[in-house]
Amino acid sequence: MGDTRTSTPTGPFLARARTLLSGRLFERVRHVLWAGLLSLGMYAILLFQPGDQLLWLIQSRIAGSSPSGEVVFVTSDEALNAPDQPETRYEVARALDELDRLGVGKVFLDVTFAPSEDSAADQRLAKAIADLGPRIILVDRVAPTSTKGKTLRSTSPWIAGDVDRVLADQTDRNVFGFAWESRYSYVVEGRAYRSLGAAIGGVNDIRPGQFSIDYGFDATEIPVLLIDELTDEALETERMIVTGKTVVVGHSNHVGGTPQPIPGSMNAPPSLVDIYAGESLRSGRTTYIVGSTVLSVFAALLLFALLLGTTRKRRWMAYTGIVALLPLVFVASARFGFRLDLTYVLSFLVLYGAMRSRMRWKRRVEMVNIETGLPKLRALEGRLVRDNIRSGHVVIAKIQNYERVLKTLRSDEKGSYVLKLVDRLRAADPNLAIYSDGHHLGWHVPSDETDAVTDHLEGLRAIFAAPVQVGGYSVDVGITFGVAAIEGDPAPRLAAAVAAAEETSEAHNPISIAETGSQTDLLWDISLRARIDEAMEAGEIYCVYQPKFELATNTIAGVEALVRWHDPARGFISPMHFIQQCEKAGRMEHLTRYVLQSACSAGQLLHFRGRMITMSVNISATLLGDMRIAGIVRNVLQATRFDPEYLTLEITETARITDHTVAASILEELKGLGVKISMDDFGVGAASFEAFYELPFDELKIDRLFVANMAKDPKAKAIVASIAAMGRDARITVVAEGLENPQDIGLLKKIGCQQVQGFAFSRPVSLSNLLEFKEFVQTPSAANMV
């Protein structure tokens, strides 16, 4: 009976999410997040505040708005409040009387008066103020002192009477002297005041908070009268502009004092800043959008563009649109009178662009073979996918004895050796694009006729019969070919050509044609490489661990990590099946690195728990063609900090080793790391005596075929006994794997096997179950309960 499967509504969504957040898309999203976090950090420390202020200055110049015309500035080029010049107080009084006569709406007297030498002048000014009644408001001003302190300047109560007061804080500026924001109110010496800007803008109550000042209109459009012109009867028409209006009486920038910079003027009258604040409130142009909000919006737009940009063309169109949106937002904010921080968005986009450029540069470097200057095989794969090539053949040439030849050449001659081989491959087509990666050379043939491609390759092999001259030496060349017809997705076919090339030999099979159209290919025809990567990321590919027992002590000596794949749609997939497909897809290195990482991490955890046992990991013999496997093992050991003395690498299918000399040097390199080397499945065709003799093994595993039958078949028993004796004489450990009958344990002890592995003791178990072992001393009957 089949298993009944249930699915949850979130299953397809999670699968889709994993697909979206995999590979290049996840990389781009990661770059967006990093760029956003870095920009937020710069925003938190106000790193680009000067840049924002420069942009605000530019905005104020292009805004093109106009003031309301309801605020008139009455100014004087001479000081009106000098105590030793009381005559100016009569002038102020006459001006206030004239404002009263002309029907002014409201007057803000932004000049403070202390008692003068002429009490009559003070009385005259006090009377003019009193006559205006509630229509006049006196301005107290906080000004800086010469010692970088503050002082409060206010009109004497003797002159002011009971008139309402507001406050202008001339020190409320940023480090550059600009007032980009104004407060609604201030508290000075325990008393709350409305701010002058808020009062000009029509705010009649005392409220907390602050608002932005819009400098988007031209200061020359603010109605201005000199105080002398108010009392000049010849200017009756000009004077009428104050009727019903709000009038601010203050000093011009010609009167000594602290200069007040505003956009367009570095020495503006102090009153003008508050007039701009009042006009901003009147027009409602006080919105300020902080940098974090703007940054979040643009980051969201970029993420949305990445999710929809499934092609490079779409992404670049989205990038262009987002970049073009910046000046549009800049101009629109100026026109509509809201201020925002754009420099952090600029930094965000620049950082994202830099990260993407660095990644593209890194990929271009990774796509080129440093020694030869030729592009690598992954560049060929990218070209096939990018140009949507769906026909022809992929050809992979394997250079035989490549590692042995490189050992004899100087480092500056290695690239020359490969380039001479490339020149021969281009004998028929000088413009042929050839890609190089290790001992592989690859290219695309447009022809769909497999026989024609094979005939051409036979001719190339004839060209390679003659040796090449490198560094004054004559070097023989051995070359074989793997061929795969492109059908559907070209990426798996390139991997199939690589796998076919690995199966070739000069003597028996110099040209290998990859299988096409088989049921296996149909099952894995949708981007096998991406599917395997997704499965590892999702935890669908994982490790289980089968204990190995020491017969002399009945204790667990170690465990073997076995890889498993449980696909949500297809269930459990046979390890032999998907490992074979990994080899065809060129993903064995990736899968091996993943299993090594999992196994060494598990071993480190076991050691941390006090269980000092060995960890065995299978290594395909196909990886013993170059030194990359040594680098993988070294990097994993460094990353996990697992003691290499407790790691055993089991070499599978040793008959597939094409060059024992190269393999021996790689295994010696691995042993130099401190790990042990085991020969798996000894006794069957894939593991030969030749490999055992020529390669430096520390352990021998007797194949289950003989162990399972030794009790009932004298021949199997004799084979197991002879292998055990050979192991003793060679001073290496002998492991009997596949033991299923507990009654055979005594026979194995008598024969002389040191270790045993099989269902008689334990099936493969998960790491969590392995950690639950109370004691590592097991009897056969107890072991069956695991």
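Preceding block: the structure.
Residues numbered from 1 in each chain as written. Predicted model: local features only at pLDDT ≥ 70, side-chain atom pairs only at ≥ 80, totals over all residues. Heavy atoms only, no water.

Comments concerning the overall build of the chain
Phase 1: Of regular secondary structure, the chain possesses 29 helices and 31 strands.
Phase 2: Expected size for 786 residues packed as a compact globule is a radius of gyration near 28 Å; at 43 Å, the chain overshoots this value by more than 25%.
Phase 3: Once the C-alpha set of the chain is aligned to its principal axes, its extents read approximately 135 × 70 × 55 Å.
Phase 4: Counting over 786 residues, the chain shows a buried share of 48%.
Phase 5: Long-range pairs, those at least 24 residues apart, make up 73% of the contacts in the chain with a sequence separation of at least 6.
Phase 6: Accessible area of the chain: about 37,300 Å², with a carbon and sulfur share of 55%.
Phase 7: In the chain, 82 positive and 92 negative side-chain charges are present, and the distance between their average locations comes to 4 Å. (Helix = DSSP H or I, 4+ residues; strand = E, 2+ residues; numbered from the N terminus. Rg over C-alpha atoms; globule rule 2.2 N^0.38 Å. Buried < 20%, exposed > 50% of the residue type's maximum accessible area, 1.4 Å probe, protein only. Contact = heavy atoms within 4.5 Å. Areas by Shrake-Rupley, 256 points an atom, 1.4 Å probe, with all protein chains shown as cover. Lys, Arg positive; Asp, Glu negative; His and termini not counted. Charge placed at Lys NZ, Arg CZ, Asp CG, Glu CD.)

Structural notes on empty space enclosed by the protein
Empty space among the atoms becomes apparent when a probe as large as a water molecule is rolled across them.
Phase 1: Taken as a whole and judged by the stated rule, the model has two cavities of 30 Å³ or more.
Phase 2: Roughly 150 Å³ of internal volume is contained in the largest cavity.
Phase 3: Where the lining of the largest cavity is concerned, the elements lending two or more residues are α3 (49-62), α11 (312-336) and β15 (338-340).
Phase 4: The biggest single contributor to the lining of the largest cavity is α3, with three residues.
Phase 5: Taken together, the residues that form the lining of the largest cavity break down as seven nonpolar, eight polar and three charged.
Phase 6: Taken as a whole, the second largest cavity holds about 90 Å³ of empty space. (1 Å grid on protein atoms, 1.4 Å probe; cavity = no way out; pocket = protein on both sides within 12 Å on 5 of 7 lines; lining within 4 Å. Points joined across faces, edges and corners; volume = space filled by probe spheres on them. Nonpolar A, V, L, I, M, F, W, Y, C, P; charged D, E, K, R; others polar.)

Quick notes on the pairing of strand β29 (residues 699-702)
Phase 1: Burial along β29 is two-sided: Glu699 and Lys701 and Leu700 and Ile702, pointing in opposite directions, are all buried.
Phase 2: Of the pairings in the sheet, the one linking β29 to strand β30 (residues 733-737) comprises four bridges and is parallel in character. Along β30, the bridge assignment pairs Glu699 with Thr733. (Pairing = 2+ DSSP bridges.)

So, the nonpolar core
Phase 1: Counting 80 residues, the largest nonpolar core has Met615, Leu647 and Leu649 as its most contacted members.
Phase 2: With eight residues, helix α21 (residues 588-608) is the single largest residue contributor to this core.
Phase 3: Ignoring sequence-local partners within four residues, the contact set of Met615 consists of Tyr545, Val559, Ala561, Ala599, Ala602, Gly603, Leu606, Phe642, Tyr646, Leu647 and Thr648.
Phase 4: Counting 31 residues, the second-largest nonpolar core is a separate cluster that includes Phe108, Phe178, Trp180 and Leu281. (Core = buried A, V, L, I, M, F, W, Y, C linked by side-chain atoms within 4.5 Å.)

A closer look at unusual backbone geometry
Phase 1: Phi at Asn388 takes a positive value of approximately 55°, unusual for a residue other than glycine.
Phase 2: With respect to the helices and strands, the residue Asn388 is situated in the loop between α13 (377-386) and β16 (393-400).
Phase 3: The class for Asn388 is partly exposed, based on a relative accessible area of 48%.
Phase 4: With a phi close to 55°, Asn554 is a non-glycine residue in the positive phi region.
Phase 5: Relative to the elements of secondary structure, Asn554 occurs in the loop between β23 (541-550) and β24 (555-567).

Some thoughts on the state of the cysteines
Note: disulfide means a covalent bond formed between the sulfur atoms of two cysteine side chains.
Phase 1: What the rule picks out here adds up to zero disulfides.
Phase 2: Lacking any disulfide linkage, Cys543 is separated from the closest cysteine sulfur, that of Cys600, by 10 Å.
Phase 3: You can call Cys543 buried: its relative accessible area is 10%. (Disulfide = S-S within 2.5 Å.)

A closer look at the packing of aromatic side chains
Phase 1: For the coordinates displayed, the defined rule picks out 15 aromatic pairs.
Phase 2: On the basis of an interplanar angle of 15° and a centroid distance of 4.6 Å, the ring pair of Phe217 and Tyr276 is categorised as stacked. With Phe217 in the loop between β9 (210-212) and β10 (224-226) and Tyr276 in helix α9 (residues 270-283), this pair connects stretches of sequence that are 59 residues apart. Neither residue differs from the other here; Phe217 and Tyr276 are each classed as buried.
Phase 3: Put simply, the rings of Trp56, Phe178, Trp180, Tyr215, Phe217, Tyr276 and Tyr288 touch in pairs and so form one group of aromatic residues.
Phase 4: One residue, Arg207, lies across the ring of Tyr184, its end atom 5.3 Å from the ring centre.
Phase 5: Lying across the ring of Tyr288, Arg339 places its NZ or CZ 4.7 Å from the centre. (Phe/Tyr/Trp six-rings, centres within 6.5 Å; stacked < 30°, edge-to-face > 60°. Lys NZ or Arg CZ within 6 Å of the ring centre and 35° of its normal.)

Concerning the packing of α13 against helix α17 (residues 490-502)
Phase 1: Running from N to C, α13 and α17 point in directions that differ by 145°, and their axes come no closer than 9 Å. Crossing of α13 over α17 shows right-handed handedness. Residue-level contacts link Leu377, Leu380, Glu381, Leu384 and Val385 of α13 to Pro490, Ala491, Leu494 and Val498 of α17.
Phase 2: In terms of residue class, the contact of α13 with α17 is built from eight nonpolar, no polar and one charged. (Axes fitted to C-alpha atoms, helices over the stretch in contact; angles between N-to-C directions. Left-handed = near helix turned anticlockwise from the far one by under 90°.)

Quick notes on the environment of Pro259
Phase 1: For Pro259, the location among the structural elements is in the loop between β11 (246-251) and β12 (260-262).
Phase 2: For the pair Pro259 and Pro270, spaced eleven residues apart in sequence, the C-alpha separation works out to 7.5 Å.

Quick look at the sheet that holds β16
Phase 1: Ordered in space as β17-β18-β16-β21-β22, the five strands form an open sheet in which the pairing is mixed. The strands lining the two open edges of the sheet, one partner per strand, are β17 (435-437) and β22 (511-513). Averaged over all neighbouring strand pairs, the angle between strand axes comes to 20°, with direction disregarded.
Phase 2: Pairing of strand β21 (residues 478-485) with β22, which is carried by three bridges, proceeds in the parallel orientation. Among the inter-strand pairings, Phe481 is bridged to a residue of β22, identified as Ile511.
Phase 3: Along the sheet face, α17 touches β16, β18 (440-445), β21 and β22 and points at about 145° away from the line of β21.

What to know about the side chain of Arg611
Phase 1: Positionally, Arg611 belongs in the loop between α21 and β26 (614-620).
Phase 2: On the accessibility criterion, Arg611 (17% relative accessible area) is buried.
Phase 3: Side-chain polar atoms of Arg611 contact the backbone oxygen of Leu770, separated by 3.3 Å.
Phase 4: Among the polar contacts made by the side chain of Arg611, one reaches the main-chain carbonyl oxygen of Leu771 at a distance of 3.0 Å. (Polar contact = N/O pair within 3.5 Å; in protein donor to acceptor, adjacent residues only side chain to side chain.)

Brief notes about the packing of helix α10 (residues 291-308) against α11
Phase 1: Viewed as axis vectors pointing N to C, α10 and α11 meet at an angle of 160°, and their least axial separation amounts to 9 Å. One element, α10, and the other, α11, form an angle in the roughly antiparallel class. The crossing of α10 and α11 is right-handed. Residue-level contacts link Phe298, Leu301, Leu302, Ala305, Leu306 and Leu308 of α10 to Arg314, Arg315, Ala318, Tyr319, Ile322, Leu325, Leu326 and Val329 of α11. (Parallel < 35°, antiparallel > 145°, perpendicular 65-115°, else oblique.)

A closer look at helix α4 (residues 87-101)
Phase 1: Over its 15 residues, α4 extends 22 Å from the first C-alpha to the last, a length consistent with the 21 Å expected when each residue adds 1.5 Å.
Phase 2: If you check which residues of α4 are buried, you get Thr88, Arg89, Glu91, Val92, Ala93, Ala95, Leu96, Glu98 and Leu99.
Phase 3: Of the surrounding elements, those touching the buried residues of α4 are β2 (106-109), α5 (119-132), β3 (136-144), α6 (157-160), α8 (236-239) and β11.
Phase 4: In the segment just after α4, Gly103 is the residue with positive phi, at about 80°. (Expected span 1.5 Å × (residues − 1).)

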